[in-house]
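Tertiary structure, described
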Amino acid sequence: MAPAAPPPPLLPLLLVLGQPVLGAPGQGAGTWSRFARLPYPQDQLFLHDTFPDGFLWGAGSAAYQTEGGWRQGGKGASVWDAFAHRPAAPTGSVPPGPAGGDVASDSYNNLYRDAEGLRRLGVSHYRFSLAWARLLPNGTAPVNPAGLAHYRRLLGRLRELGIEPVVTLYHWDLPQGLQDAFGGWASPVLPRLFRDYAELCFRHFGGQVRYWLTMDNPYVVAWHGYGTGRLPPGVRGGPRLGYRAAHHLLQAHAEVWHLYNDHFRPTQRGKVSIALSSHWIKPQRMTEKDIKECQKSLDFVLGWFAKPIFIDGDYPESMRSNLSSLLPEFSEVEKKYIKGTADFFALSFGATLSFQLLDSHMKFQQLESISLRQLLYWISSEYNNPQIFIVENSWFVSGSTKRDDAKYIYYLKKFIMETLKAIRYDGVNVFGYTVWSLLDGFEWHRGYSIRRGLFYVDFQSHDKKLMPKSSVLFYQKLIEKNGFPPLPENQPIEGVLPCGFAWGIVDNYIQVDTTPTQFLDSNVYVWDVHQTKKLIKVDGVFTSKRKRQCVDFAAIRLQISLLQEMHVTHFHFSLKWSLILPLGNLSLVNHTLVHYYQCFASELLRVNITPVVALWQPMAENQELPVSLAKCGAWENPETVQAFVEYAKFCFTSLGDHVKFWITMNEPSVKNLTYTAGHNLLKAHAKAWHLYDKEFRRSQKGKISIALQADWVEPACPFSRNDQEVADRILEFDIGWLAEPIFGNGDYPQVMRAWLHRRSSVDLYNFHLPYFSEDEKKLIQGSFDFFALSHYTTTLVGWEKEDALKYDHYLEVQMINDITWLHSPGRAAVVPWGLRKLLKWVKSKYGDVPIYVMANGIDDGQNMVYDKLRVYYIQNYINEALKAYTLDNVNLQGYFVYSFNDNTAPKYGLYSYIANQYEPKPSMKHYREIIDNNGFPGPETPELLCREEVASCPECHFFRTRKSLLAFISFILVAFIVTIFFITYYSKRVERRYK
């Protein structure tokens, strides 16, 4: 029985695969092979669960990015101030002038504004940095009282709100005075001066701070500040100076940690660490060599600072062996002094380093990735399973994005879900998460071209009010729920579908092979057994021809047997108009092909499979129209309407005795239709429907409708009215365009007309949507017997323009991707709940119409591992269809999987096709199991007794599907009885004669 329950918990399996063990240098190298072995697709499914009790949720900011007030309150200049005010900035660095952080978000003058934003979010902590130059304008004494007062006010307000401060001493904004006097971090003097600055902060603020970070991302400071010169102070000292600056940064951090540990920890009881940033990297190939290169890449970026602090006080071996002449050395005393100088592992992961500030040569020819979960596991394996505090994480949106930051939300959702999986599945010890950032600000080398804040700031305004973006609502609700708790609608249900439910499979076009069998050849042959060993035709000698029979088509028998093996009740395929009537009219008919279709349909009926036949399905070449029609404007030409009606009449006449389930047009692509073509297509459908209704329905007793492609469209920001309007508009353009005239009021959706009128008035283009006459409306309205739809995936849409490549200017819609969704190799999103929403939408708009899901499927990339994704896809989409039927009272009558086999639909088939052989995939067997159970029956599911089952015995199906075999057996049995009778009869006569 097909299980209705969700996939089994992954935790036991993941425990077998290994949790982080006590680390040692190089231990993290097992990360890549471990994650390559995780079960697919279960490991990639969204995890509905909550974080541990007491998990810390926060937001962060940095002084230079948000404070502004660069000359207020006695603040001194920082290296960023000087860098941004240069007459000409170095190529590829920050643009000069007012684009810097002079004002930024003006947090210096809006302390209570920011605190109110934190209160609204409901965070447990706020990470911010102290501006060194605001407290010590020259980097050393004297102290600036105004700076002390400012940060005391901020800490006091946080205490009033019950928000824990997480304070960074140095976030890249070194006082310019120290750079001028000593050369900044290139000088060995800086560690002592940094210690003095830290002591000042501990004395004045330490009583209110439990979490301290000495500095942020020393990799960027050292490498790009003193090596490449891309960032302040802009020193192009090359690798040697970059490594020397990093050496001093590590020494400075250790000095401060020991200062706190020795003098302040006993009374203040806080913790100190350093915020280290990293990328993630994956191997080009899963070879030992490429995995070593990935390990080296992490060593050169994260391990550069993490290994000395968390392991042994020295640089990674890969760095020392490759950079022996460039890398400074620590003495044994220094190693002991640096080792262990962190009370937790503070991790920064996101856009700043990943894809932006990571030098390409540090990837070592491997592939950069944004897998936070794998990085967390690597850190746990490499560094003795430390407590991890994610102190910065998010992505970014365009600088023009204002309130509905959907892209930001879905990256946030991905990162938080990966953190949850790292905790629940991988045993990683993460205790807090910090989204970056609280509000929009100056984004370093990107200036104001991107935004990373939860709150929107209009940088051109005077008061710099904070306006909540959609991400605020997302994060706020996530904090309230402490994660992603399971919801009832996410749980599978048990139950069965109604009696007579159509379980089907789709083949766009059946395999047609009209090659005659040898039994239709009237020639006479002799077998040359002595020489050539071949058959030789005897000239002038012929046998009488017999009438063609359906059994002459071997291809039909094979396809029918495969369908029987699947246990489907219906088979959906399309006819080829262009081949049946090559000239587009009845002057030339391909009778051989028509006979083939007749045979195919009759053979389906013989084995109790209902043929579902589409008259026309558009394909790439000439839209599958006869060439003469395609060259004369195709559906743009009104004459095509009448040609279609004549073609439909011919098909009803020729095939109607075998076909009782018709589709006029299968999946006409609205993306490729002009409004005129769509207009004519609707009239052609309606005329064909009325033709069948008046002339054929009574005698043939069939049903007929149109099948529309109907993928679901969801607002990218569920809290946004604008995004909801966009989603509604797209549904009307994609589905309502053809559905509303037929299933609704006989005319196009009002949303379409209003939108096109608006566009015409704004853009001065004539987006003309034709009008139906009153007679045409009556003709089209109600021309259906059921609602047939094809559904494959779900799309997210928004109104904010974010990505030009995925923006539709015509409809003013931005396509968005939820990167937490499963995706097929062809990048189709797997969103089972989208089918249920679609079915409910159809019911709400068009009433209790019978609905058939005529096609539902996904590609597998011709890789059998991806057939596991199809198993998941079929299981969950059918379960959502069951919910629509059971819980929403949708009048669902049938479900068809796309597609039959890989021969006619490569990558989509339930049967593979290799070397002229068909092999069932596991997904076929899984679908068959669901069919056999008519859904997902459970222990509490009442037994469903259908009329046809009550009226006949269960074994009757065996006999009905084997009539020919039974007839042959009966003939043999009768012959045997007659033979016995005659043998007995004549034996007795012979006996009497001799007597």
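That block above? That's the structure.
Description of the structure in this document. (Residues numbered from 1 in each chain as written. Predicted model: local features only at pLDDT ≥ 70, side-chain atom pairs only at ≥ 80, totals over all residues. Heavy atoms only, no water.)

Thoughts on a nonpolar patch on the surface
For clarity, the threshold we go by: Two distance rules govern patches: like charges are joined within 9 Å, and nonpolar side chains (Val, Leu, Ile, Met, Phe, Trp, Tyr) within 5 Å, applied only to residues with over 30% relative accessible area and no salt bridge. Here the accessible surface of atoms and residues is derived via Shrake-Rupley with a 1.4 Å probe, and residues count as covered only by protein chains that are part of the display. Here, a salt bridge means any side-chain nitrogen of Lys or Arg that lies within 4 Å of a carboxyl oxygen of Asp or Glu. The way it works is that DSSP assigns letters per residue, a run of H or I at least four long becomes a helix, a run of E at least two long becomes a strand, and they are numbered from the N terminus.
Nonpolar side chains collect at one region of the surface, where Leu 973, Phe 976, Ile 977, Ile 980 and Ile 983 lie side by side and expose about 500 Å² of accessible area between them. In this fold, Ile 983 is placed in helix α34 (residues 963–994).

Examining the environment of Phe 46
Stated formally: Relative accessibility under 20% of the residue-type maximum defines a buried residue, over 50% an exposed one, and the middle range a partly exposed one, all with a 1.4 Å probe and only protein chains included. When checking whether two residues touch, look at their non-hydrogen atoms; a contact exists if any pair is within 4.5 Å.
Mapped onto the fold, Phe 46 is located in the loop between α2 (31–36) and β1 (56–60). Residue Phe 46 is classed as partly exposed on the basis of its relative accessible area, which comes to 21%. Linking Phe 46 and Gly 427, residues 381 residues apart in sequence, is a C-alpha distance of 17 Å. Among residues more than four places away in sequence, those in contact with Phe 46 are Lys 413, Met 417, Phe 484 and Thr 820.

Details of the packing of aromatic side chains
Worth spelling out the cut-off: Within 6.5 Å between ring centres, the rings of Phe, Tyr and Trp (the latter by its six-membered ring) count as paired, and their orientation is classed by plane angle as stacked under 30 degrees, edge-to-face over 60, tilted in between. Both a distance and an angle decide whether a charge sits over a ring: NZ of Lys or CZ of Arg must be within 6 Å of the ring centre and within 35 degrees of the ring normal.
Under the criterion given, the structure shown has 89 aromatic pairs. Arranged with centres 5.9 Å apart and planes meeting at 85°, the rings of Tyr 219 and Trp 304 form a pair that is edge-to-face. Placement of the pair is Tyr 219 in helix α10 (residues 218–227) and Trp 304 in helix α12 (residues 288–312), with a sequence separation of 85 residues. We classify Tyr 219 as buried; its relative accessible area is 1%. Seen in terms of ring centroids, Phe 310 and Phe 345 are 4.6 Å apart; in terms of plane orientation they differ by 25°. Their pairing is stacked. One end of the pair, Phe 310, is in helix α12; the other, Phe 345, is in strand β7 (residues 345–350), and 35 residues separate them in sequence. Residue Phe 345 is classed as buried on the basis of its relative accessible area of 0%. Three or more aromatic residues joined by ring pairs form one cluster here, namely Tyr 64, Trp 80, Phe 83, Trp 172, Phe 442, Trp 444, Tyr 448 and Phe 459. A cation over an aromatic ring shows up here: Lys 413 above the ring of Phe 46, its NZ or CZ 5.2 Å from the ring centre.

Observations concerning the pattern of salt bridges
Under the defined criterion, the tally for this structure stands at 51 salt bridges. Ionic pairing is found between Glu 317 and Arg 320, a salt bridge with its closest N-O pair at 2.7 Å. With Glu 317 and Arg 320 both in helix α13 (residues 317–322) and 3 residues apart, the pair spans about one turn of that helix. Judged by relative accessible area, which is 47%, Glu 317 ranks as partly exposed. Looking at Arg 320, the relative accessible area reads 35%, which means it is partly exposed. A salt bridge links Lys 845 to Glu 740, with the nearest nitrogen and oxygen atoms 3.9 Å apart. With Lys 845 in helix α29 (residues 832–846) and Glu 740 in helix α26 (residues 721–743), this pair connects stretches of sequence that are 105 residues apart. Since its relative accessible area comes to 32%, Lys 845 is described here as partly exposed. Take Glu 740: its relative accessible area is 12%, and that puts it in the buried class.

Let's talk about the side chain of Thr 66
Residue placement: Thr 66 occurs in helix α3 (residues 63–66). Residues in contact with Thr 66, not counting those within four places in the same chain, are Ser 61, Val 103, Ala 104, Ser 105, Asp 106, Ser 107 and Leu 439.

Quick look at the nonpolar core
The nonpolar side chains of soluble globular proteins are, as a tendency, buried together. Applied cut-off: Note on terminology: a nonpolar core comprises buried Ala, Val, Leu, Ile, Met, Phe, Trp, Tyr and Cys residues joined through side-chain atoms within 4.5 Å.
Residues Leu 130, Trp 185, Trp 212, Tyr 475, Leu 575, Trp 662 and Tyr 927 are the most contacted members of the largest nonpolar core, which totals 303 residues. Take this core: its biggest share by element is 13 residues, from helix α11 (residues 238–268). Apart from the residues within four sequence positions on either side, Leu 130 is in contact with Ala 63, Leu 135, Tyr 151, Val 167, Thr 168, Leu 169, Asp 173, Tyr 197, Cys 201, Phe 205 and Trp 212. Residues Val 166, Phe 344, Ala 346 and Phe 389 belong to the second largest nonpolar core, which totals 10 residues.

Quick word on the state of the cysteines
Basically, it comes down to this: Here, a disulfide means two cysteine sulfur atoms that sit within 2.5 Å of each other.
Applying the stated criterion across every chain yields a total of 2 disulfides. Disulfide pairing is shown between Cys 499 and Cys 946; the S-S distance is 1.9 Å. Measuring handedness by torsion sign, the sulfur bridge of Cys 499 and Cys 946 sits at about -90° and is left-handed. One end of the pair, Cys 499, is in the loop between β15 (495–496) and β16 (502–507); the other, Cys 946, is in the loop between β34 (935–936) and α32 (947–951), with 447 residues separating them in the sequence. Here Cys 499 falls in the partly exposed class, since its relative accessible area comes to 35%. For Cys 946, a relative accessible area of 9% translates into the label buried.

Bear in mind that shape data such as this cannot, by itself, settle questions of function.
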